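Working through the structure, step by step
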Amino acid sequence: MVFDDIRNIYKAELSDDQFDKLGAFINRETGIKMPPAKKVMVQARLKKRLKELGIPTFEAYLQYVFGKDGIESEVVHVFDAISTNKTDFFREPVHFSFLKEHVLPEFKAKNNSSTLKVWSAACSSGEEPYTLAMSISEFLGGGKDFDFRIHGTDISTLILKMALNAVFTEERLRPAVPEYLVRKYFMKSTDAVKRTYRAVPELRQKMSFSRVNFMDESYPLSEKFDVIFCRNVLIYFDRNVQEAVVQKICRYLKPGGYFFHGHSESLIGMNLPLKNVRPTVFQKI
Ligand SMILES: C[S@@+](CC[C@H](N)C(=O)[O-])C[C@H]1O[C@@H](n2cnc3c(N)ncnc32)[C@H](O)[C@@H]1O
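Residues numbered from 1 in each chain as written. Predicted model: local features only at pLDDT ≥ 70, side-chain atom pairs only at ≥ 80, totals over all residues. Heavy atoms only, no water.

This part covers the overall build of the chain. Tallying secondary structure elements over the chain gives 13 helices and 10 strands in all. Overall, the chain is about 65 × 55 × 30 Å in size when its C-alpha atoms are taken along their principal axes. When burial is assessed residue by residue, the chain has 48% of its 285 residues classed as buried. As displayed, the chain has an accessible area near 14,200 Å², and 53% of this comes from carbon and sulfur atoms. The positive charge centre, built from 42 side chains, and the negative charge centre, built from 35, are 5 Å apart in the chain. (Helix = DSSP H or I, 4+ residues; strand = E, 2+ residues; numbered from the N terminus. Buried < 20%, exposed > 50% of the residue type's maximum accessible area, 1.4 Å probe, protein only. Areas by Shrake-Rupley, 256 points an atom, 1.4 Å probe, with all protein chains shown as cover. Lys, Arg positive; Asp, Glu negative; His and termini not counted. Charge placed at Lys NZ, Arg CZ, Asp CG, Glu CD.)

The subject of this paragraph is the sheet that holds strand S8 (residues 253-261). As summarised here, the arrangement of the seven strands in space is S6-S2-S1-S7-S8-S10-S9, forming an open sheet in which the pairing is mixed. Each edge of the open sheet is held by one strand with a lone partner, namely strand S6 (207-211) and strand S9 (274-278). Sheet twist, expressed as the average angle between the axes of neighbouring strands with direction ignored, equals 20 degrees. Sheet topology note: the strand S7 (residues 225-230)/S8 ladder contains five bridges and is parallel. For Val227, the partnering residue across the bridge sits in S8 and is Tyr258. Seen against the sheet, helix H13 (residues 239-250) touches strand S1 (115-121), S7, S8, S9 and strand S10 (281-284) and runs at an angle of roughly 140 degrees to S8. (Pairing = 2+ DSSP bridges. Axes fitted to C-alpha atoms, helices over the stretch in contact; angles between N-to-C directions. Contact = heavy atoms within 4.5 Å.)

With that out of the way, let us pick up the domain arrangement of the chain. According to the domain assignment, the chain consists of domain 1 (3-82) and domain 2 (94-166 + 202-284). Its C-alpha centre places domain 1 at a distance of 32 Å from the equivalent point of domain 2. Between domain 1 and domain 2, the contact holds 10 residues from the first and 12 residues from the second. Of the roughly 880 Å² buried between domain 1 and domain 2, counting both surfaces, carbon and sulfur atoms make up 53%. (Domains from an automatic or database assignment. Buried area = accessible area lost by both parts, 1.4 Å probe.)

Turning to the sheet that holds strand S4 (residues 186-188), a few remarks are in order. With antiparallel pairing, three strands are arranged side by side in an open sheet as S3-S5-S4. For this open sheet the edge positions go to strand S3 (167-169) and S4, each flanked by a neighbour on one side alone. Each adjacent strand pair in this sheet contributes to an overall mean axis angle of 35 degrees, direction not counted. Examined bridge by bridge, S3 and strand S5 (residues 196-199) share three bridges and lie antiparallel to one another. Across the sheet, the residue bridging to Val167 is Arg198, located in S5.

Okay, the nonpolar core next. Trp119, Phe214 and Phe259 are the most contacted members of the largest nonpolar core, which totals 48 residues. Counting only elements with at least two residues in this core, the list comes to helix H2 (16-30), helix H3 (39-53), helix H4 (58-66), helix H6 (75-82), S1, S7, H13 and S8. Here this core spans two domains, since at least three of its residues come from each of domain 1 (3-82) and domain 2 (94-166 + 202-284). Sequence-distant contacts of Phe259, defined by excluding residues within four places in its chain, comprise Ile228, Cys230, Val246, Ile249, Leu253, Leu267, Leu274, Thr280, Val281 and Phe282. (Core = buried A, V, L, I, M, F, W, Y, C linked by side-chain atoms within 4.5 Å.)

Here we come to the site of the ligand. Taken together, 21 residues lie near the ligand, and Thr30, Thr87, Arg91, Asp154 and Asn232 sit nearest. Contacts to the ligand include Ala122, whose backbone N or O atom sits 2.8 Å from a nitrogen atom. The separation between an oxygen atom of the ligand and a polar side-chain atom of Asp154 is 2.5 Å. A total of 600 Å² of accessible area belongs to the ligand in isolation, and the protein chains cover 99% of it. Of the residues contributing to the shell around the ligand, the split by class is eight nonpolar, eight polar and five charged. (Near = heavy atom within 4 Å. Polar contact = N/O pair within 3.5 Å; in protein donor to acceptor, adjacent residues only side chain to side chain. Nonpolar A, V, L, I, M, F, W, Y, C, P; charged D, E, K, R; others polar.)

Here we come to the side chain of Ser125. Mapped onto the fold, Ser125 is located in the loop between S1 and helix H8 (127-140). A distance of 2.8 Å separates a polar atom in the side chain of Ser125 from a polar atom in the side chain of Glu127. Non-local contacts of Ser125, meaning those with residues more than four positions away in its chain, are made with Thr87, Ile159, Met162, Ala163 and Phe168.

Pasting the structure below:
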């Protein structure tokens, strides 16, 4: 790429019309609301992609995205760029307390020797599923009362690679994860400059990850789950989309299984096969 081209990319601007077209497409495909206020964020994030591809204008980029090749290979990068992946270890800790105090003892009493199956739906970079794995391992305390598996899904392939890799920076880990859990469940990198931590194989082998877009008709999941965490993602959808998504998710929840959503979300007034057991915690009827 010549110097002038690079300078043009820095100057590239997404017009209102281009944003409307792209926003409508993103909303239709992902369910994510795309109000005009998101234009600046979308422009900034996609500019990085323009630079990577050496495409100087948004006009040319959108032609590529909506062309035959783009629909097959570029759309996934658009979704990666626009999704908000904010997450934390032990986010909304009351959910992990409820899990340890109610859900896991109940499962242990009823299902001796079977496998607890947990779905972290919209798992982002893995902090939520690894928190689940640590919480369940701690409950089991090395005992073999039951086995467990955690399946993480997300629309973003980029973020799923991070989750699968299970490498976290010092800042991601601390102070959210108590020191004794860091020592027990993470291996420190030898690189003294960029200190990172990788989840131990005993946790990683409990995990699997795959791409699921909640907007699809049905989800490529071959099993039903005892527990589903679907937190801090419904908030990005309109209410009718939220209801349709949770209805579909419920198809993958066993009767009596637990569904958790984020504290800034609400299912009040929706027609769902769920009964409320705690604020933000439901059980399948
Ligand atoms: C804010 S993060 C929440 C992560 C985690 N559940 C938590 O509470 O910390 C929202 C995640 O939802 C994912 N997402 C957005 N739209 C989606 C869709 N249509 N289908 C599946 N995942 C989606 C994003 O890629 C992002 O990783």
